[in-house]
Amino acid sequence: MITDKFGRPLQDLRISIIDRCNFRCTYCMPKEIFGKDFAFMPKEQLLSFEEIERLAKNFVELGIRKIRLTGGEPLLRRDLPVLIEQLARLHDLEDIALTTNGFLLGALANKLKDAGLHRVNVSLDALDDRAFKEINDSGVGPARILRGITKAQEAGLEVKVNMVVKKGMNDSQIVPMASYFKEQGITLRYIEFMDVGQTNGWDFSKVITKKEILEELCKHFSLEPVEPNYIGEVAKRYRYAGTSTEVGFITSVSESFCSTCTRARVAADGKVYTCLFSEGGFDFRELLRTGKSDEEIKTAIMNIWNSREDRYSDERTEESAKNKKKIEMSYIGG
Ligand code: SAM
């Protein structure tokens, strides 16, 4: 097990496999910035499947047991099941998950499951048709995403739903989302609106905290806290009393969890980051494309992790949130 300067082990890996997305969620990839002229990465700049597999193998040999694929929108990457098959063959890798907006999930769920995917987190910020269309700014209603969720369940994938909550955007959806997914027996996780990137107009006043959401939920449901499954579990979990259905909170703003963060991130161009709020990454595509050996790649990973001392969310202030240069979520991978 390798650890960083604060003793945090390297345990899980998030890999962004594409920087493009088919949605233009106003808080993530607003159309004014990510418009027709936006320069996404050309294909040759993205890591190939072989490069992703080789990098992942080296991470697994250093102790990684979980990999999550994300983006951009990962289902836009052509032949994704082939990549999943390659990863599923990695010895010692226990868990392969995917984060998606669900638009293409209905068509791909069976193939993804057959390839070896275990779990999928579907992002859905509202059930109300108009509200959801306004958020994704791409004219897509929630019905299609809900169908994708059903298909994923039918395929045998474990499904959770993630909802970013932003003041003035979808406050009214907090309770309807809870009711619907409680009924479905699907875990819903509320994500506090974070100050990632430079383009989403974040400030503290737009954050609805876990405490506020929980207060609202407790007016309608009886909830009991659930003990974490393991140290470093990101979501704070609750259960609807008398059921096994859970609801969770990702509290990166109000109750940061840097001290137990065990995650490294690979961006779509092969740069490795140790924090979602990093300013810069380490170019592993260069190492992969210049004939470096697996030993050299592992040494580079170890050096980066051993010298890691970031704890951005613990140290966040209104000023750092506004002024620190940060990388866009669609590039580094959400
Ligand atoms: N396209 C995929 C999806 O929609 O899930 C994967 C990438 S997306 C960047 C991953 C997640 O990040 C989504 O759930 C999205 O809502 C969330 N996200 C984007 N910007 C965010 C922000 N500023 N604060 C909190 N979550 C954010």
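The shown structure was predicted, so the numbers you read here are calculated from the model rather than taken from an experiment.

**Side note on the overall build of the chain**
Phase 1: A tally of helices and strands in the chain yields twelve helices and twelve strands.
Phase 2: Compactness check: the chain gives a C-alpha radius of gyration of 19 Å against a globular reference of 20 Å for 334 residues, within 12% of the reference.
Phase 3: Projected onto its principal axes, the C-alpha coordinates of the chain cover approximately 60 × 45 × 45 Å.
Phase 4: Counting all 334 residues of the chain, 55% fall into the buried class.

**Regarding the pairing of strand E8 (residues 236-240)**
Phase 1: In this structure, strand E7 (residues 223-226) lies alongside E8, joined through four bridges in antiparallel fashion. Its bridge partner lying in E8, Pro 225 is registered against Tyr 238.
Phase 2: Bridge count for E8 against strand E9 (residues 246-250) is four bridges, and the pairing is antiparallel. Bridge pairing links Lys 236 to Phe 249 in E9.

**Overview of the nonpolar core**
Phase 1: One finds Phe 59, Leu 69, Tyr 190 and Leu 217 to be the most contacted residues of the largest nonpolar core, which totals 111 residues.
Phase 2: Per-element tally for this core: the top contributor is helix H1 (residues 49-61), with six residues.
Phase 3: Those residues in contact with Leu 217, other than ones at most four positions away along the chain, are Ile 174, Ala 178, Tyr 190, Leu 223, Val 247 and Phe 249.

**Observations concerning the site of the ligand**
Phase 1: Of all residues adjacent to the ligand, which total 19 residues, the nearest are Tyr 27, Gly 72, Glu 73, Ser 123 and Met 194.
Phase 2: One of the backbone N or O atoms of Thr 100 is found 3.4 Å from an oxygen atom in the ligand.
Phase 3: Out of a free accessible area of 550 Å², the ligand has 94% covered by protein chains.
Phase 4: For the shell around the ligand, the elements supplying multiple residues, two or more each, are strand E3 (95-100) and strand E6 (187-192).
Phase 5: Residue composition of the shell around the ligand, grouped by class: eight nonpolar, nine polar and two charged.

**Structural notes on unusual backbone geometry**
Phase 1: A positive phi angle is found at Asp 92, which is not glycine, with a value near 80°.
Phase 2: Tracing the sequence through the fold places Asp 92 in the loop between helix H2 (80-88) and E3.
Phase 3: In this structure, Asp 137 takes a positive phi of about 50° despite not being glycine.
Phase 4: Positionally, Asp 137 belongs in the loop between helix H4 (129-136) and helix H5 (142-155).

**Topic: the pattern of salt bridges**
Phase 1: Applying the stated criterion to the full structure yields 32 salt bridges.
Phase 2: Taking the shortest distance from any N to any O, the salt bridge between Arg 54 and Asp 294 comes out at 2.8 Å. Of this pair, Arg 54 sits in helix H1 while Asp 294 sits in helix H9 (residues 294-306), and the two are 240 residues apart along the sequence.
Phase 3: The salt bridge partner of Arg 308 is Asp 310, with a shortest N-O separation of 3.0 Å.
Phase 4: Three or more residues joined by partner-sharing salt bridges are found here, namely Arg 54, Lys 57, Glu 61, Asp 294, Glu 295 and Lys 298.

Thresholds, definitions, all that
- Residues numbered from 1 in each chain as written.
- Predicted model: local features only at pLDDT ≥ 70, side-chain atom pairs only at ≥ 80, totals over all residues.
- Heavy atoms only, no water.
- Helix = DSSP H or I, 4+ residues; strand = E, 2+ residues; numbered from the N terminus.
- Rg over C-alpha atoms; globule rule 2.2 N^0.38 Å.
- Buried < 20%, exposed > 50% of the residue type's maximum accessible area, 1.4 Å probe, protein only.
- Pairing = 2+ DSSP bridges.
- Core = buried A, V, L, I, M, F, W, Y, C linked by side-chain atoms within 4.5 Å.
- Contact = heavy atoms within 4.5 Å.
- Near = heavy atom within 4 Å.
- Polar contact = N/O pair within 3.5 Å; in protein donor to acceptor, adjacent residues only side chain to side chain.
- Areas by Shrake-Rupley, 256 points an atom, 1.4 Å probe, with all protein chains shown as cover.
- Nonpolar A, V, L, I, M, F, W, Y, C, P; charged D, E, K, R; others polar.
- Salt bridge = Lys/Arg side-chain N within 4 Å of Asp/Glu carboxyl O.

All quantities given are derived from atomic positions and should not be read as evidence of function.
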